[in-house]
Amino acid sequence: MKRRNFIKKASASSLGLIAASSLISCQESKKDKIKDIIKSNILIRPLVIATWKTDLAVETAAKVLEKGGSALKAVEQGCRVEEANEKGQSVGKGGLPDRDGEVTLDACIMDHKGNYGAVLGVKNIKHVISLARKVMEKTPHVMLVGEGAKKFAISEGFKQENLLTKASKKAWLKWKETSMYKPIINIENHDTIGMLAIDKKGNISGACTTSGLAYKMPGRVGDSPIIGGGLFVDNEIGGAAATGLGEEVLKTVGSFLIVELMRQGKTPQEACEEAIGRIVNKPGKNYKDFQVGYIAVNKQGETGAYSIHQWFSYNKYVDKVNTHIQSDFFNKV
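Here's what I pulled together on the structure shown here. All of these numbers come straight from a predicted model, not from anything done at the bench.

**Considerations on the sheet that holds strand β9 (residues 292–298)**
For sheets, the rule is that strands pair by backbone hydrogen bonds, running either parallel or antiparallel. With mixed pairing, five strands are arranged side by side in an open sheet as β7-β8-β9-β10-β13. A single partner strand is all that each edge strand has here, and the edge strands are β7 (231–234) and β13 (328–329). Note: strand β8 (residues 238–244) against β9, seven bridges, orientation antiparallel. Along β9, the bridge assignment pairs T243 with G293. Where helix α8 (residues 254–263) meets the sheet, it contacts β7, β8 and β9, and its direction lies at approximately 145 degrees from that of β8. Relative to strand β10 (residues 303–307), helix α9 (residues 268–280) is tilted by about 20 degrees, and along the sheet it contacts β9 and β10.

**Considerations on the sheet that holds strand β12 (residues 321–326)**
Reading across from one edge, β4-β3-β2-β6-β5-β1-β11-β12 is the order of the eight strands in this open sheet, with mixed pairing throughout. On the outer flanks of this sheet lie β4 (143–145) and β12, each paired with one strand and no other. Within the sheet, the average angular offset between the axes of one strand and its neighbour, ignoring direction, is 10 degrees. Taken together, the three bridges between strand β3 (residues 116–122) and β4 define a ladder with parallel strand orientation. Paired with L120 across the two strands is V145, which belongs to β4. Helix α4 (residues 128–138) contacts β2 (105–110), β3, β4 and β6 (204–210) of the sheet and is inclined by roughly 130 degrees relative to β3.

**Here's the deal with a nonpolar patch on the surface**
A cluster of nonpolar residues, V142, M143 and V145, forms a patch on the protein surface that exposes about 240 Å² of accessible area. For V142, the position within the fold is in the loop between α4 and β4.

**Points about the pairing of strand β1 (residues 47–51)**
Here is the key point about a regular strand: its side chains alternate between the two faces of the sheet. A large share of β1 lies buried, amounting to five of its five residues. Side chains L47, I49 and T51 project from β1 onto one buried face, and the interleaved V48 and A50 project onto a second face that is buried too. Sheet topology places β1 next to strand β5 (residues 193–198); four bridges connect them, and they run antiparallel. Each bridged residue has a counterpart across the sheet, and for I49 the counterpart in β5 is L196. Inspection of the sheet shows β1 paired to strand β11 (residues 313–318) by five bridges, in the antiparallel sense. Considered in β11, the bridge of L47 is made with V318.

**Focus on helix α2 (residues 55–66)**
Across its twelve residues, α2 extends 16 Å between first and last C-alpha, which sits within 8% of the 16 Å expected from 1.5 Å per residue. What α2 keeps buried is the set A57, V58, A61, A62, V64 and L65. Projected down its long axis, α2 carries its buried residues within an arc of 155 degrees, all on one side. If you follow the buried residues of α2, they end up packed against β1, α3 (71–83), β5, β11 and β12. Trailing α2 by a residue or two, G68 shows a phi angle of about 90 degrees, which is positive.

**Comments concerning helix α5 (residues 146–155)**
Residues lying three or four places apart along an α-helix face the same way, a consequence of the helix completing one turn every 3.6 residues. Among all positions of α5, only G146, A149, K150, F152 and A153 are buried. Viewed end-on, α5 has its buried residues packed into an arc of 160 degrees, placing them on one side of the element. Exposed side chains of α5 directed beyond 90 degrees from the buried face belong to E147, K151 and S155. Structurally, α5 contributes buried residues whose contacts are with β3, α4 and β4. Where α5 terminates, the next one or two residues include G157, which has phi positive at roughly 90 degrees.

**Remarks on unusual backbone geometry**
Backbone geometry at V253 places phi at a positive 45 degrees, although glycine is not the residue there. When you line up the elements, V253 lands in the loop between α7 (246–251) and α8. Residue classification places V253 among the partly exposed residues on the basis of a relative accessible area of 38%. The phi dihedral of W311 is positive, around 85 degrees, even though this residue is not glycine. Mapped onto the elements of the fold, W311 is located in the loop between β10 and β11.

**Some words on the pairing of β6**
In terms of burial, β6 is a largely internal element, seven of the seven residues being buried. Here β2 pairs with β6 via five bridges, running antiparallel. By the bridge assignment for β6, M110 is matched with G206. Where β5 meets β6, six bridges bridge the pair, whose relative direction is antiparallel. Its bridge partner lying in β6, L196 is registered against G206. Connecting β5 to the next strand, β6, in antiparallel fashion are five residues, including G202 with a positive phi near 85 degrees.

Rules behind the numbers
Residues numbered from 1 in each chain as written. Predicted model: local features only at pLDDT ≥ 70, side-chain atom pairs only at ≥ 80, totals over all residues. Heavy atoms only, no water. Pairing = 2+ DSSP bridges. Helix = DSSP H or I, 4+ residues; strand = E, 2+ residues; numbered from the N terminus. Contact = heavy atoms within 4.5 Å. Axes fitted to C-alpha atoms, helices over the stretch in contact; angles between N-to-C directions. Patch = residues over 30% accessible without salt bridge, like charges linked within 9 Å, V, L, I, M, F, W, Y side chains within 5 Å. Areas by Shrake-Rupley, 256 points an atom, 1.4 Å probe, with all protein chains shown as cover. Salt bridge = Lys/Arg side-chain N within 4 Å of Asp/Glu carboxyl O. Buried < 20%, exposed > 50% of the residue type's maximum accessible area, 1.4 Å probe, protein only. Expected span 1.5 Å × (residues − 1). Arc of directions from axis to C-beta.

Keep in mind that these numbers describe shape and distance, not what the molecule does.
Written out as structure tokens, the structure is:
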């Protein structure tokens, strides 16, 4: 065989092998993509997680998801349940007042697109979580405060009502006998409801609503309505929410921290544990005097929860089952 013909045949053969190899590689790549799609579809199922024993709120949110509703609608409707629960003295109507006897509410909400809305220090408006959503969707702002928020609420058709119930007023008058101000671990004078949800499309949204610390100084605002503090959602990664002493959550931007830790590859559980570690390991931090708890969910539907002290709990809905769960905790001494 002449050298020229040999080179031609060898080149043609090589090109054929390259083409075949490329075809096989392309086919394998398509198979991998199909596997990934199938895997992601298996993992995408309605999920709700919320702080504390909030069975009805979680059930309400889950019903929205099961009917094909968005995660945003689910967390809003779920939080509204607690805002209307007068027996729960840390959220909405019936919330314990500030030291002047005024009930002031804070709330925020985030959707899967990264949009955010919040209201702070609102009086006489019960469903502040819905008001926060209105701020997000109908104003050029992300946050409204006090009288401005109330004025906007009225313009949007929200009804004014007295939020101080007889039970909360009685508790406030009892407190005034000593006026001793000290948050009590796991007692709902410093609680809230934070809720995260994944809908059937795999989108994540979150919400947080509270009446804040009982007998706080007028004007005090904690972590609950602050993006990155009481709540943070990144639809590519996951979401997190906080409860407990808001001042301590804000100092470490706790919910944002948890999402960023998940971005770096940590599981929701590992991220919650590290976020608590950032609080308790600070020099001179007397963590025995206060409680902080976190919940988190990632894009794959894995969840986590962790607190400083025992008895923080949460509700979780997945695979059509709504379960109340005690969180693991740091201070086991």
